[in-house]
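Here's the letter readout for the chains.
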Amino acid sequence: MRFLPRLFASSFLVLLTAGAFAQDGKAARGAIDRSDPIAVLEDRIVNGRTSLGFEPDHGFLKALLQQLDVDPRTQILVFSKTSLQDKLIGPQTPRAIYFNDRVAVGAVQNSTVLEIMAPARNGYVFYTLQNESAGSPRFTKHEGADCGRCHGADALEPGLIVASTPVARDGTPVFIPRDRPPRLFEFTDHTTPVADRWGGWYVTGSHAGQPHLGNGAFTYDEAGVRHVHNADAFGAATLAGYFDVSRYLEPTSDIVALMVFEHQARMTNMLLSAGVMATRTKHLSAAAVEDLLAYMLFTDEAPLQGTVTGDKAFQAAFASAGPRDTAKRALRDFDLNTRLFKYPLSYMIYSPVFAALPPFAKQAVYARLLEILEGQGVTPRFARLSAEDRRNILEILQATKPDFTAAH
Ligand code: HEC
């Protein structure tokens, strides 16, 4: 079954005209939430300032990514049956996820909708975009349990999800029996050893040929011992042998894109919940500042066991998307030999979710960050940062983050 009926020649592009929305009435709804990228896009469409092209292979996907400034090379593919449209997802039809530091988009073959999620002023916002047929793009905003039953009922916890799920050959999660109570999956981030990451995900590229849980299928025996099937797939350079890659925008589920998104998902969740809670309670505890900074400064990052090789085009595009100082250093520069980034301070410091911290909270984060970078009050938790790391990060920030410099 194809994603969309092949009614159109593949080059056929339906451009929606602005006039189609003029009577929609959405523009009259009142002030939109400018922190919500989909509300902003919808407003621009309604007001005729932009439109979304629909094409037969992927519907609105390409146009949506372009409008949201999301690079298709961020594509990561998950085949575990763990999300909303689990019946449509499996090893032959993995779900694609695309992201930047403001928004994540999910696309499933043969589905009627695209799924979108973004951090906004009061928590995460969730949308689906009807993707069956050309016409006016129809976004539906979801509140409550629709998406919240997995992503968090109060739109804060757990938020964005990246997890490692051991799966059977058909993508069904298998319980991890050694855990009491047994668990279906484990959340992963930059602190998780690579060997324990990516169950249920496809992975292209390699971590120095070391094993991880991606691309494979698993069973557990009665003693709780894990058995791995197709273990030879760990270093797969291409996914062509697994499923029809031509159905996707990219032939990859790039290892470095996965590592970036894993870092970023937890970072976004932490920044958003700190910001929303600080706004509600008018308080951010010193302990919360320490936790935020420990994650921002990668103090517990799982060390890499060797060079990570992935899609160079993704790396170049990602690294060029943020500011650089006069010595051409950027927080988005990769290391990929011993750690993910060359300068271990999260590039999410430039993101809207960081900017949305209430001023008093941002001040507290900046004050403690400066203290650590200047080498005063470096508690054991931050001892892993070398003097050189601290100096590099401080110089980059001073050159590229005016409000950090202004704060002291
Ligand atoms: C049954 C649980 C469940 C429901 C309900 C659900 N999701 Fe998810 N979603 C997941 C899981 C688990 C992931 C992580 C990737 C995966 O396993 O597919 C995910 C990932 C995503 C992603 C990619 C970013 C990320 O967090 O990894 C988007 C976007 C997303 N979901 C949007 C939505 C929207 C919009 C809704 C509601 C219309 C929704 N989801 C409902 C479980 C769910």
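Here's what I pulled together on the structure shown here. (Residues numbered from 1 in each chain as written. Predicted model: local features only at pLDDT ≥ 70, side-chain atom pairs only at ≥ 80, totals over all residues. Heavy atoms only, no water.)

This part covers the overall build of the protein. Along its length, the protein carries ten helices and 14 strands. In the protein, which comprises 408 residues, the share counted as buried stands at 54%. For the protein, restricting intrachain contacts to residue pairs at least 6 apart in sequence, the fraction spanning at least 24 positions comes to 63%. Per element, the accessible surface of the protein, about 17,800 Å² overall, is 54% carbon and sulfur. (Helix = DSSP H or I, 4+ residues; strand = E, 2+ residues; numbered from the N terminus. Buried < 20%, exposed > 50% of the residue type's maximum accessible area, 1.4 Å probe, protein only. Contact = heavy atoms within 4.5 Å. Areas by Shrake-Rupley, 256 points an atom, 1.4 Å probe, with all protein chains shown as cover.)

A separate point is the sheet that holds strand S6 (residues 113-120). The sheet built from six strands is open, its strands ordered S3-S4-S5-S6-S7-S8 with antiparallel pairing. Taken across any chain shown, the strands that pair with only one partner, and hence form the sheet edges, are strand S3 (76-78) and strand S8 (139-142). For this sheet, the mean inter-axis angle between neighbouring strands, taken without regard to orientation, is 25°. Across four bridges, the pairing between strand S5 (residues 104-107) and S6 is antiparallel. Across the sheet, the residue bridging to Ala-107 is Leu-114, located in S6. This element, helix H1 (residues 37-46), spans S6, strand S7 (123-130) and S8 of the sheet and lies at about 150° to S8. (Pairing = 2+ DSSP bridges. Axes fitted to C-alpha atoms, helices over the stretch in contact; angles between N-to-C directions.)

Turning to the site of the ligand, a few remarks are in order. Near the ligand lie 23 residues; those nearest to it are Thr-82, Cys-147, Cys-150, His-151 and Ile-161. For the ligand, the cavity whose grid points lie within 2 Å of the majority of its atoms is the largest pocket. At the level of secondary structure, the elements contributing two or more residues to the shell around the ligand comprise strand S4 (95-99), S5, S6, S7 and helix H3 (145-151). Tallying contributions element by element places H3 first for the shell around the ligand, with five residues. The class makeup of the residues in the shell around the ligand is 13 nonpolar, six polar and four charged. (Near = heavy atom within 4 Å. 1 Å grid on protein atoms, 1.4 Å probe; cavity = no way out; pocket = protein on both sides within 12 Å on 5 of 7 lines; lining within 4 Å. Sits in = over half its atoms within 2 Å of the grid points. Nonpolar A, V, L, I, M, F, W, Y, C, P; charged D, E, K, R; others polar.)

With that settled, consider the packing of helix H8 (residues 359-373) against helix H9 (residues 387-400). Direction vectors running N to C along H8 and H9 enclose 135°, while the axes themselves pass 9 Å from each other. With respect to each other, H8 and H9 are oriented oblique. Along its contact with H8, which presents Leu-369, Leu-370, Ile-372 and Leu-373, the element H9 presents Arg-390, Ile-393, Leu-394 and Leu-397. A per-class count over the contact of H8 with H9 returns seven nonpolar, no polar and one charged. (Parallel < 35°, antiparallel > 145°, perpendicular 65-115°, else oblique.)

In this structure, the iron atom of the ligand receives exactly one donor atom from the protein: His-151 (NE2), at 2.1 Å. Counting through the fold element by element, His-151 comes out in helix H3. (Donors = N, O, S within 2.8 Å, 3.2 Å for Na, K, Ca; no water.)

The next thing to look at is H9. Taking 1.5 Å of rise per residue, the 14 residues of H9 would be expected to cover 20 Å, and the 20 Å separating its terminal C-alpha atoms lies within 8% of that figure. On the buried face of H9, the contacting elements are H8 and helix H10 (402-406). (Expected span 1.5 Å × (residues − 1).)

Attention now goes to unusual backbone geometry. Positive phi, normally seen in glycine, also occurs at Asp-69, with a value near 60°. With respect to the helices and strands, the residue Asp-69 is situated in the loop between helix H2 (61-67) and S3. Owing to a relative accessible area of 59%, Asp-69 belongs among the exposed residues under this scheme. In this structure, Leu-336 is a non-glycine residue whose phi angle is positive, near 65°. Tracing the backbone shows Leu-336 in the loop between helix H6 (312-319) and helix H7 (352-355). The class of Leu-336 is buried, set by a relative accessible area of 4%.

Take the environment of Leu-284 next. Considering the arrangement of structural elements, one finds Leu-284 in the loop between helix H4 (255-281) and helix H5 (286-296). Not counting residues within four places of it along the chain, the set of residues in contact with Leu-284 comprises Ala-274, Ala-278, Val-289, Phe-360, Ala-361 and Val-365.

Under the counting rule described, the total for this entry stands at two cavities of 30 Å³ or more. Estimates place the volume of the largest cavity at around 110 Å³. Taken together, twelve residues make up the lining of the largest cavity; nearest its centre are His-58, Leu-61, Ala-107, Gln-109 and Arg-247. Of the residues that constitute the lining of the largest cavity, the class distribution is eight nonpolar, two polar and two charged. Its boundaries defined by the atoms lining it, the second largest cavity holds a volume of some 60 Å³. Lining of the second largest cavity is provided by 13 residues; of these, Asn-100, Arg-102, Val-103, Leu-160 and Gln-264 occupy positions nearest its centre. Every element with two or more residues in the lining of the second largest cavity is listed here: S6 and H4. (Points joined across faces, edges and corners; volume = space filled by probe spheres on them.)

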